[in-house]
Amino acid sequence: MDKPFAITLDVGSSLANQTGSWRVERPMYVDLLPPCNQACPAGENIQKWLYDAEDGSYEKAWRTLVEENPFPAIMGRVCYHPCQSVCNRGKVDEAVGINSVERFLGDMALEQGWSLPVPAPDSGKRVLVVGAGPSGLSAAYHLRRLGHAVTLRDAAPLPGGMMRFGIPKYRLPRTVLDAEIKRVAEMGVTFELEHRTEHALDEMTAGGFDAVFLAVGAQIGKRAYVPAGEAARILDAVSVLHDVEDGELPLLGRRVAIYGGGNTAVDVARTAKRLGAEEAVIVYRRTRERMPANDSEVEEALEEGVLMKWLSTVKHADAGKLMIEKMALDASGFPQPTGEFEELEADSLVLALGQESDLSLLEDVPGLEVSDGVVKVDEHMMTGYPGIFAGGDMVPAERTVTVGVGHGKKAARNIDAWLRGGERPEPSKHPVAEFDKLNPWYYADAPHAVRPRLEAARRASTFDEVVQGLDASTALYEARRCMSCGNCFECDNCFGVCPDNAVIKLGPGNRFKIDLDYCKGCGICASECPCGAIVMVPEEG
Amino acid sequence: MGAVPVKFYQVGSFAVGNRLLDPDLASVQSDPERANSLTSGHRACQGCGEALGARYALDAIMRATKGQMIAVNATGCLEVFSTPYPETSWRLPWLHSLFGNAPAVATGVAAAMHAKGRDDIRVVGQGGDGGTVDIGFACLSGMFERNDDVLYICYDNQAYMNTGVQRSGATPPAARTATTQTVGPEPGNVFGQGKDVPRIAMAHEIPYVATATVADLRDLEAKATRAMEFRGARYLHVLVPCPLGWGSASCDTIKVARLATQSGLFPVFEAVNGEVTSSTKIRHQVPVEEYLKLQSRYAHLFRPTRRDDVIKKLQAMADRNIERYGLLEPELAPAVPAAMSNEPVEVA
Ligand SMILES: Cc1ncc(C[n+]2csc(CCOP(=O)(O)OP(=O)(O)O)c2C)c(N)n1
Ligand code: SF4
Ligand SMILES: [Mg+2]
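Rules and cut-offs
- Per chain, residue numbering runs from 1 following the sequence as it is written.
- Chains carry letters from A onward and ligands carry numbers from 1 onward, assigned in written order.
- The model is predicted, so local features are restricted to residues of pLDDT at least 70 and side-chain atom pairs to those at 80 or more, both for listing and for counting; the totals for chains, interfaces and linings are taken over all residues.
- Side-chain calculation: all heavy atoms of the structure are included, whereas hydrogens and water are not.
- For each residue, the test is whether any non-hydrogen atom lies within 4 Å of the molecule or strand; if one does, the residue is near.
- Numbering goes from the N terminus for both helices and strands, where a helix is a DSSP run of H or I of at least four residues and a strand is a run of E of at least two.
- Polarity classes work like this: nonpolar for Ala, Val, Leu, Ile, Met, Phe, Trp, Tyr, Cys and Pro, charged for Asp, Glu, Lys and Arg, and polar for all others, with Gly in that last group.
- For patch detection, residues must exceed 30% relative accessible area and be free of salt bridges, and they are connected within 9 Å for like charges or within 5 Å for nonpolar side chains (Val, Leu, Ile, Met, Phe, Trp, Tyr).
- Values of accessible area rely on a 1.4 Å probe in the Shrake-Rupley scheme; residue burial ignores everything except the protein chains shown.
- When a carboxyl oxygen of Asp or Glu lies within 4 Å of a side-chain nitrogen of Lys or Arg, that pair is called a salt bridge.
- Type-normalised accessible area, obtained with a 1.4 Å probe on protein chains alone, sets the label of each residue: buried when under 20%, exposed when over 50%, and partly exposed for intermediate values.
- Metal-coordinating donors are taken as N, O and S atoms lying within 2.8 Å of the metal, or within 3.2 Å when the metal is Na, K or Ca; because water is left out, some sites can appear incomplete.
- Two N or O atoms count as a polar contact when they lie within 3.5 Å, although within protein this holds only if one can serve as hydrogen donor and the other as acceptor, and sequence-adjacent residues are included solely when both atoms are side-chain atoms.
- Here, a strand pair is defined by DSSP locating no fewer than two bridges between the strands.
- Here a residue-residue contact requires only that any non-hydrogen atoms of the pair lie within 4.5 Å.

Peer 1: Please clarify how the site of ligand 2 should be interpreted in this entry.
Peer 2: All names here are of chain A. Every one of the 13 residues lining ligand 2 counts as a neighbour, but C36, C87, C482, M483 and C485 are closest to it. At the level of secondary structure, the elements contributing two or more residues to the shell around ligand 2 comprise α1 (35–39) and α2 (46–54). Broken down by class, the residue content of the shell around ligand 2 amounts to 10 nonpolar, two polar and one charged.

And the structure:
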């Protein structure tokens, strides 16, 4: 016995006492689906590319982005960013300016000349894409990446569809549009322009294509009967925007009235202002709240001096003037005529009451179903005719560029599966990272960096781009505002807050691991995880 | 923006770390090489705030002193759960004597180190609220009065937890403990008694006094580190929720501490030479009720009948702290959030 006086046992460490046996619940790291990702019609992994951008790895961020969507610079200008409407950060201060960071990345890619991913080895399959709008281009990109030979046909002399002939230049400069389309062409997509597809099926057989993706859009302005005197000047919105793009200035006069409440109506009004109209008035039968046009566009139009006449319908059009009837919303929110009339001076009336698809190319295709003017597709985007798929504005869905891009991607992946003789299983989705799963205490307050806008008076007379991009430091600031909802961003909180040192830090990029020998299952790590990436699950047995 | 560094708005400085943070600004707890002064295998309850608070404070001091320190511990949970003979969770030189004499023992250790010419070895005394504000108080006051070169840390869980939740001089009014039962017209601990030891410490005009909680790691680390810049008697009072004694969920330990600060019930401040020099502002003010209702020691204020009279008295305590320590930024909301005033408003 060589121990000191009164000492009988050697000193031991408490590490011998494995307190993990106390546990009834264990923490588990999860990756949840951030609401932004869930809301993105193009299925972008927004949280991931913001995470990549946060440390200045812009190229990596851009590469993550183009996995899903080849047009960041276009998206960053024309997307109505439903991601931002659901962004959890909106409940802390203001939504992350996702769209502006996307544009920053898109512009940087064009500046730096980053190219899209190299296509997979040749599959030996040939696919025809009809329509070079957002949906067709997106499908062409994804099909090409998957190794298929792609022929893209469009009746217009230039590709882009509504992005060129519907969206005015001040929202989407053509240099940007051209540059992003060029990148897709460089992947080896064959463009056949000024080629109107009269019969889809004939072209499929004649060309020996293994599959077809149709995305002809909705390019015909809806006709509505407006009683009019002989000298009344009535035009339709689609042709007005198309003419402007072609450099043919439509004769609108000094005072222009635009009938309708969607984005096209706003685009026409803003375009009319730029063409020199003194007055551009939007006549809409409901209220501003019920207007389908995007809020930021309406806001910008108002700033430019576009006038709005709510709760009004056009009863009669004559040379130089319109007869307007005032409406009132009934209990169900539907506008009802009031019998009250007023006159509105207008040299022209532009109808922006919606658009329809020209589906004549689908006549005589067996099994194909059309209802309400749009083509029916199944969950794989395939029409009733095997091998013919469709997407974009010609199928039932919301009609935006981003939805079109999303359709193109989804169709491409399904066409690929179909060509390989299988069906693409519905990809499984993680549960959504709702706000109440986060611990917002840890996020410092930092409001959204609003993109500078061209000063209203100046921009109203030019077609210069209205919304300017972020500079590098503001883009970084904005990316860092992302709370990384539902996805660990290595803030070390779990590692710090465990009273039992039972969280193991695995080092940069490798996240953390729970030491189950000592974890007592208190759950502090889960409740203090800022982004909700830890859940407690019951122990078995 | 140019020279202005881009901030880490994801987490600001509130989380333990961030992959983008300059390593010089990293917290001690984010360091995989941290001392882990109190290591795994200790027998503290699930979600123990005291175990957490002790590791936070001691790891910071280990870093500040480059490991040249000795800790002296009073009896209490912290000693009992860490050191069942012959096992220990301590990874630093550590000494236990009695429940009531830790400050005096710490004084003795400091004197011994001085006698050996080892003033580089720093001494920390530590104990629970019972050991500090009650039974050890005479020793503590003596240590202050003599300005002995010791940092004393009180881990305040507001009762004698180790022996089964008896009231201490730090138990707040209205709280239920084993010795302040929820019976009679004034259920729970009485109002108007107890000791506010941080203020008593300040009255000794010792070099440094600070309060902190386990809800704000960076603040706690900064104060533990700053305390080591001074010589002489220093006092750090850390609020450490006790899930068992407070009747809160084990996962809510940090949340409860956070609400204690955000309601104003626990003021977080620093004082040098007896004067308050700074206080941590409330970021998101909450009515005291938010804090109370997470703890079953206050359940009798809500069931079977709501005791608005008592809740109001507790709110008044919070408001007094807010005023005394300037816990609200001037432009912020009034002391009592609208949600609190259940009083009928008289219309003139
Ligand atoms: C002189 C003496 N009286 C009573 C006890 C029994 N005892 C041990 S720990 C303790 C309570 C400790 O309470 P506190 O200091 O608040 O620490 P906590 O356990 O709450 O952390 C008591 C009464 C003792 N050890 N010595
Ligand atoms: S905070 Fe980030 S991850 Fe969360 S919804 Fe907003 S952008 Fe997406
Ligand atoms: Mg105690």
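Once you've had a look at it, read on.
Peer 1: Honestly, a nonpolar patch on the surface in this entry has me stumped. Any pointers?
Peer 2: A cluster of nonpolar side chains, A:I7, A:L9 and B:Y85, forms an exposed patch at the surface whose accessible area comes to about 280 Å². Mapping A:L9 onto the fold places it in the segment before β1 (12–13). Under the relative-accessibility criterion, A:L9 is labelled partly exposed at 42%.

Peer 1: What is the right way to look at the coordination of the magnesium ion (ligand 3) in this model?
Peer 2: For a metal with four donors in a tetrahedral arrangement, the ideal angle between donors is 109.5 degrees, while six donors in an octahedron ideally sit at 90 or 180 degrees. For the magnesium ion (ligand 3), every protein donor is listed as B:D129 (OD), B:N157 (OD1) and B:A159 (O), and the spread of their distances is 2.0 to 2.1 Å. Take B:N157: its relative accessible area is 5%, and that puts it in the buried class.

Peer 1: How should I be thinking about the site of ligand 1 in this particular structure?
Peer 2: Residues and elements named next belong to chain B. Of all residues adjacent to ligand 1, which total 16 residues, the nearest are E50, C77, G130, G131 and M161. Contact distances for ligand 1 include 3.0 Å between an oxygen atom and a side-chain N or O atom of D129. Backbone polar atom of M161 to an oxygen atom of ligand 1: 2.9 Å apart, as the coordinates give it. A per-element tally of the shell around ligand 1 places helix α4 (residues 129–134) first, with three residues. In the shell around ligand 1, the residues fall into six nonpolar, eight polar and two charged.

Peer 1: I would appreciate a short explanation of the pairing of strand β12 (residues 312–318) of chain A in the present structure.
Peer 2: On a regular strand, each side chain points to the face opposite its neighbour's, so the side chains alternate between the two faces of the sheet. Alignment of β12(A) against strand β13 (residues 321–329) of chain A, held across six bridges, turns out to be antiparallel. Among the inter-strand pairings, A:S312 is bridged to a residue of β13(A), identified as A:K326.

Peer 1: Help me understand the environment of A:R453 in this model?
Peer 2: All names here are of chain A. With respect to the helices and strands, the residue R453 is situated in the loop between α14 (401–419) and α15 (456–460). Not counting residues within four places of it along the chain, the set of residues in contact with R453 comprises E300, E303, R459, V466 and V467. Within the structure, the side chain of R453 is placed 2.9 Å from the side chain of E303, a separation counted as a polar contact.

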